[in-house]
Amino acid sequence: MKIKVFKESFERIQADCSVVWVWDKNLEGLSDKDTLQELNFKDITFVQSSKILYVNLAKRDIDLLREEAYKAIKYLNTLSYKSVKIPTFANEQEDYAILLGALSGGYSFDTYKSEKKSCVIEDIYVSHVSEDLISKAQIVFESLKLTRDLINTPPCDATPSYLAEYSIQEAKNLGIECKILSKKEIESEKMHSLLAVSRASNQEPKVIHLSYKGANPKAKLVFVGKGLTYDSGGLSLKPSDFMVTMKADKSGGCAVLGIISAIAKLRLPLEVHGIIGAVENMIGGNAYKPDDILSSREGKSIEVRNTDAEGRLVLIDCLSYAQDLKPDYLIDIATLTGACVVGLGEYTFGIMGHNEELKSAFEREALQSGELVAKLPFNSHIRKLIDSKIADICNVSSTRYGGAISAGMFLGEFIRKENEDKWLHLDIAGPAYVEKEWDINPYGASGAGVRACVEFAISLCEEK
Ligand code: BES
Ligand code: ZN
Ligand code: ZN
């Protein structure tokens, strides 16, 4: 689906059909007023004779515009028109929301369906929107699509090696670098904690290192993603109902690929690295066990009390590797805890870290991007809950409460003093995978974290 801008006024654009925004069900002045009344207009109604889709907006609100533009395209894809014109407002934020919503309305994942649903709408016409804004919307949507497609790919196909191959291919397309660390190289890197998680799987682990160097970089960002291609829980096996959807435990890793892809296409003046820990958490005779004590790349020893708290074990070794790159900003993205979903709900992701200012700056950009986020506070009492009697630290908390924060604080133990203020941890366990469609997210992976991180990266390039 392509967006085309026209220089002429909206009325003069020739399209197969058009969208008209209705303000709070007020039909006054609309050419189809009588028909709409007859049809008992509520939220979205198509009038055949005028080929107009009327879409209700309770108020002029950016998030609503994005969502309704998404619904409009979804609706039109059930009809047979190839092009549609959508009115915009000559306001960057509102127009960007409409464009991104509309593009998202054309997304579906049907790789594994025998019968493909082709997107009926091929072109979206708008007037008086800048080419830059259109290109930003196209780029961000493409990276959302890439991220979603990869997460949606089932674990029988999307193995760590698949993620590595996919990254190499994407890096080639983007003209950026991609280095894959094989199991041997991961061993020489002393990533023992990550290796322990992957040990029972017959899929070799991969650490993927992507790098993009823009011209005259203003800052160095390193993104680290949890790429559990499957999380069975390991020997602390998940109950069947909780195991389903765990193909999405690679969401953070896939988001990192999507983020770096968008940043490279936007040619942002930044140096950006993406580190993805691609691993499968399985069971077997050689599985790592509750009671094991692991060593890690940073040197600390870890008492394992639950093999289902594996994401943090993979992340700490990747965060260690990432810190050798001397970042100005270090951001990890992970479907880390069920506790974060319990605490914030399925729509919001958690922002953690030691630097309150950085957390707030990220929160602002994330909200602006259309994602829902909330800051979660660290405290010294929760930190004590991950003390171990026999190792430097324990991989789970000694209580049932505050699990998102104790997981974040576990990661924090592996962040070097000089990087504490540069680090953010994003727990996307809630919104990463969608079981009931909401906002601009159909069933399946949402690409959580991509929009927020890209917006944050853009904000670092703006003159202050
Ligand atoms: N991948 C899960 C977290 C998760 C849960 C993601 C639900 C998405 C939806 C993670 O590896 C996990 O299993 N965490 C445990 C930690 C516990 C053992 C301390 C959890 O949250 O139950
Ligand atoms: Zn787990
Ligand atoms: Zn997991």
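Residues numbered from 1 in each chain as written. Chains lettered and ligands numbered in written order. Predicted model: local features only at pLDDT ≥ 70, side-chain atom pairs only at ≥ 80, totals over all residues. Heavy atoms only, no water.

(A) Structural detail: the packing of aromatic side chains. Enumeration over the complete set of coordinates arrives at 11 aromatic pairs. Centre to centre, the rings of tyrosine 347 and tryptophan 438 are 4.8 Å apart; their planes meet at 70°, and the pair counts as edge-to-face. A residue pair is termed long-range when its members are at least 10 positions apart, and tyrosine 347 in the loop between α11 (338–344) and β14 (348–352) and tryptophan 438 in the loop between β18 (433–434) and β19 (444–445) qualify at 91 residues. The exposure class assigned to tyrosine 347 is partly exposed, which follows from its relative accessible area of 40%. Members of the aromatic cluster, joined through ring pairs, are Tyr329, Phe362 and Phe456. (Phe/Tyr/Trp six-rings, centres within 6.5 Å; stacked < 30°, edge-to-face > 60°. Helix = DSSP H or I, 4+ residues; strand = E, 2+ residues; numbered from the N terminus. Buried < 20%, exposed > 50% of the residue type's maximum accessible area, 1.4 Å probe, protein only.)

(B) Expanded view of the pattern of salt bridges. One pass over the structure, following the stated rule, counts 24 salt bridges. Residues glutamate 310 and lysine 226 are paired through a salt bridge, measuring 3.1 Å at the closest nitrogen-oxygen approach. Placement of the pair is glutamate 310 in the loop between β12 (301–303) and α10 (311–323) and lysine 226 in strand β9 (residues 220–231), with a sequence separation of 84 residues. Its relative accessible area of 1% is what places glutamate 310 among the buried residues. In this structure, glutamate 298 engages arginine 416 in a salt bridge whose closest nitrogen and oxygen atoms are separated by 2.8 Å. Here glutamate 298, found in the loop between β11 (293–295) and β12, pairs with arginine 416, found in the loop between α14 (403–412) and β17 (423–427); they are 118 residues apart in sequence, far enough to count as distant. Put simply, Glu189, Arg297, Glu298, Asp324 and Arg416 are held in one network by salt bridges that share partners. (Salt bridge = Lys/Arg side-chain N within 4 Å of Asp/Glu carboxyl O.)

(C) The arrangement of the coordination of the zinc ion (ligand 3) in detail. Around the zinc ion (ligand 3), the donor atoms from the protein are Lys226 (NZ), Asp231 (OD), Asp249 (OD) and Glu310 (OE), and they sit 2.0 to 2.4 Å away. The coordination sphere of the zinc ion (ligand 3) comprises 6 donor atoms, whose angles at the metal cover 77 to 173°; the geometry is octahedral. All donors of the zinc ion (ligand 3) come from a single chain, and their spacing in sequence reads K-x4-D-x17-D-x60-E. Between the zinc ion (ligand 3) and the zinc ion (ligand 2), a separation of 3.2 Å is found, and both are coordinated by aspartate 231. Of this pair, aspartate 231 sits in strand β9 while aspartate 249 sits in the loop between α8 (240–243) and α9 (251–265); the two residues are 18 residues apart in sequence, bridging distant segments of the chain. One exposure class covers both aspartate 231 and aspartate 249, and it is buried. (Donors = N, O, S within 2.8 Å, 3.2 Å for Na, K, Ca; no water. Tetrahedral: all angles 85-135°; square planar, octahedral: opposite > 155°, others 65-115°.)

(D) Geometry of the coordination of the zinc ion (ligand 2). The protein atoms that coordinate the zinc ion (ligand 2) are Asp231 (OD), Asp308 (O), Asp308 (OD) and Glu310 (OE), at distances spanning 2.0 to 2.2 Å. For the zinc ion (ligand 2), the 6 donor atoms in the first shell make angles of 71 to 167° at the metal, so the coordination geometry reads as irregular. For the zinc ion (ligand 2), the donor residues sit on a single chain with the sequence spacing D-x76-D-x1-E. On the basis of relative accessibility, which here comes to 3%, the residue aspartate 231 falls in the buried class. Relative accessible area serves as the criterion here: at 23%, aspartate 308 is assigned to the partly exposed category.

(E) Quick peek at the side chain of histidine 425. Its place among the elements puts histidine 425 in strand β17. You can call histidine 425 buried: its relative accessible area is 0%. A polar contact of 2.6 Å, which involves the side chain of histidine 425, links it to the side chain of aspartate 332. Apart from the residues lying within four places of it in its own chain, the contact partners of histidine 425 are Asp332, Leu336, Gly350, Ile351, Met352, Gly408 and Leu411. (Polar contact = N/O pair within 3.5 Å; in protein donor to acceptor, adjacent residues only side chain to side chain. Contact = heavy atoms within 4.5 Å.)

(F) Structural view of the sheet that holds strand β3 (residues 44–47). One open sheet holds the 6 strands; their spatial order is β1-β6-β5-β2-β4-β3, and the pairing between them is mixed. Looking at the sheet topology across the chains shown, the edges are occupied by β1 (2–6) and β3. Between one strand and the next, the sheet's axes are offset by a mean angle of 25°, whatever the strand orientation. The sheet strands contacting helix α2 (residues 62–76) are β2 (17–23), β3, β4 (52–57), β5 (83–85) and β6 (123–127), and the helix crosses β4 at an angle near 150°. (Pairing = 2+ DSSP bridges. Axes fitted to C-alpha atoms, helices over the stretch in contact; angles between N-to-C directions.)

(G) Molecular detail of the domain arrangement of the protein. Segmenting the protein into domains produces domain 1 (2–127) and domain 2 (139–461). For domain 1 and domain 2, the distance between their C-alpha centres works out to 36 Å. Taken together, the contact pairs 14 residues of domain 1 with 18 residues of domain 2. At the boundary of domain 1 with domain 2, total buried surface from both sides reaches about 1500 Å², with 57% on carbon and sulfur atoms. At the boundary of domain 1 and domain 2, one finds 1 salt bridge. A salt bridge links glutamate 437 to lysine 74; the nearest nitrogen and oxygen atoms lie 3.1 Å apart. Here domain 1 is connected to domain 2 by 6 residue pairs in polar contact (both at pLDDT 80 or more). Looking at the side of domain 1 that touches domain 2, the elements with two or more residues in it are α2 and α3 (92–104). (Domains from an automatic or database assignment. Buried area = accessible area lost by both parts, 1.4 Å probe.)

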